[in-house]
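Okay, here's what each chain looks like letter by letter:
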Amino acid sequence: MGDKPVISLITPVYNISRRLLLEAVQSVLDQSWPFWELCLVDDASTNQETIETLDELSGFDHRIKIRRLPSNVGISGASNAGVEMAAGAYVAFLDNDDTLHRDALLRYAEAIIADPDVDMLYCDEDKISANGGPCFHYFKPDWSPEHLESVMYVLHMLAVRKAKFLGLGGFRAEYSGAQDYD
């Protein structure tokens, strides 16, 4: 799409509740930037509620892709499987219980359009309290390799040029659980 970068959201899914998964998906559907795809990768869930929810999402929107893995490979392996199916030039990692601000992808797209050579993007984040309000604001610093050596601060929602991610070899299985830091 030239000046309209497609951002592929990579979401490993494993035994998540229907409510949380649907909230994550709805936050993607509500994006003001329409040039996205959501790659949901079921990491061999055993929870029937999760399986049924993914079945319901199948065919719901042409931008939602679902892949079911035959065995559990962990979050790193499931994320890598999502990147393999992604068509966008950029992949962004969204956990199956995360939600996005309505303009999250718009802001990333604006940054990509402003600097087509950008390889990585990250943003501030908030946790959501039990009553649905933001809490635990995490305002992140500008890029600092030194700071990154001491604390993982890019994590949610990290976006990377797909070719760069693949060129680096993707996530390594031995770092599952800390894959964003990897």
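For the structure given in this document, a descriptive report is provided here.

Calculation notes
Residues numbered from 1 in each chain as written. Predicted model: local features only at pLDDT ≥ 70, side-chain atom pairs only at ≥ 80, totals over all residues. Heavy atoms only, no water. Helix = DSSP H or I, 4+ residues; strand = E, 2+ residues; numbered from the N terminus. Buried < 20%, exposed > 50% of the residue type's maximum accessible area, 1.4 Å probe, protein only. Contact = heavy atoms within 4.5 Å. Areas by Shrake-Rupley, 256 points an atom, 1.4 Å probe, with all protein chains shown as cover. Axes fitted to C-alpha atoms, helices over the stretch in contact; angles between N-to-C directions. Parallel < 35°, antiparallel > 145°, perpendicular 65-115°, else oblique. Left-handed = near helix turned anticlockwise from the far one by under 90°. Nonpolar A, V, L, I, M, F, W, Y, C, P; charged D, E, K, R; others polar. Phe/Tyr/Trp six-rings, centres within 6.5 Å; stacked < 30°, edge-to-face > 60°. Core = buried A, V, L, I, M, F, W, Y, C linked by side-chain atoms within 4.5 Å. Pairing = 2+ DSSP bridges.

1. Some thoughts on the overall build of the protein
And step 1. On a plain count of helices and strands, the protein comes out with six helices and eight strands.
And step 2. Here the protein holds 182 residues, and 45% of them are scored as buried.
And step 3. Sequence separation of at least 24 residues holds for 74% of the intrachain contacts in the protein that already meet a minimum separation of 6.
And step 4. Counting every atom, the protein has about 9600 Å² of accessible surface; 54% of that belongs to carbon and sulfur.

2. Focus: the packing of helix α1 (residues 18–29) against helix α2 (residues 48–57)
And step 1. Packing of α1 against α2 leaves a shortest axis separation of 9 Å and a crossing angle of 30°. On the basis of their axis angle, the class for α1 and α2 is roughly parallel. For α1 against α2, the interelement crossing comes out right-handed. Every residue of α2 that contacts α1 at R18, L21, L22 and V25 is listed here: E49, T53, L54, E56 and L57.
And step 2. Of the residues assigned to the contact of α1 with α2, the class counts are five nonpolar, one polar and three charged.

3. Details of the packing of aromatic side chains
And step 1. Considering all chains together, one arrives at two aromatic pairs under this definition.
And step 2. Where W33 meets F35, the ring centres are 5.1 Å apart and the plane angle is 70°; that geometry is what we call edge-to-face.
And step 3. Residue classification places W33 among the buried positions, given a relative accessible area of 10%.
And step 4. Judged by relative accessible area, F35 falls into the partly exposed class, the value being 22%.

4. Section: the nonpolar core
And step 1. Judged by nonpolar contacts, the single largest core of 28 residues is most densely connected at L9, L38, L40, L100, L105 and M157.
And step 2. Of all elements in the fold, only β1 (7–13), α1, β2 (36–42), α2, β4 (90–93) and α4 (104–114) reach the threshold of two or more residues within this core.
And step 3. Those residues in contact with L9, other than ones at most four positions away along the chain, are V28, E37, L38, C39, A92, L94, L100, L105 and M157.
And step 4. One finds V41, V83, A86 and F165 within the second-largest nonpolar core, a separate group that totals 14 residues.

5. Some remarks on the sheet that holds β4
And step 1. Strands sit in the order β3-β2-β1-β4-β8-β5 across an open sheet of six strands; the sheet is mixed. Of all the strands in the sheet, the pair left with one neighbour each is β3 (64–68) and β5 (120–121).
And step 2. Against the sheet, α1 engages β1, β2 and β3, with an angle of about 160° to β2.
And step 3. Lying over the sheet, α2 contacts β1, β2 and β3, oriented at roughly 140° with respect to β3.

Without other data, these values stay purely geometric and don't point to any function.
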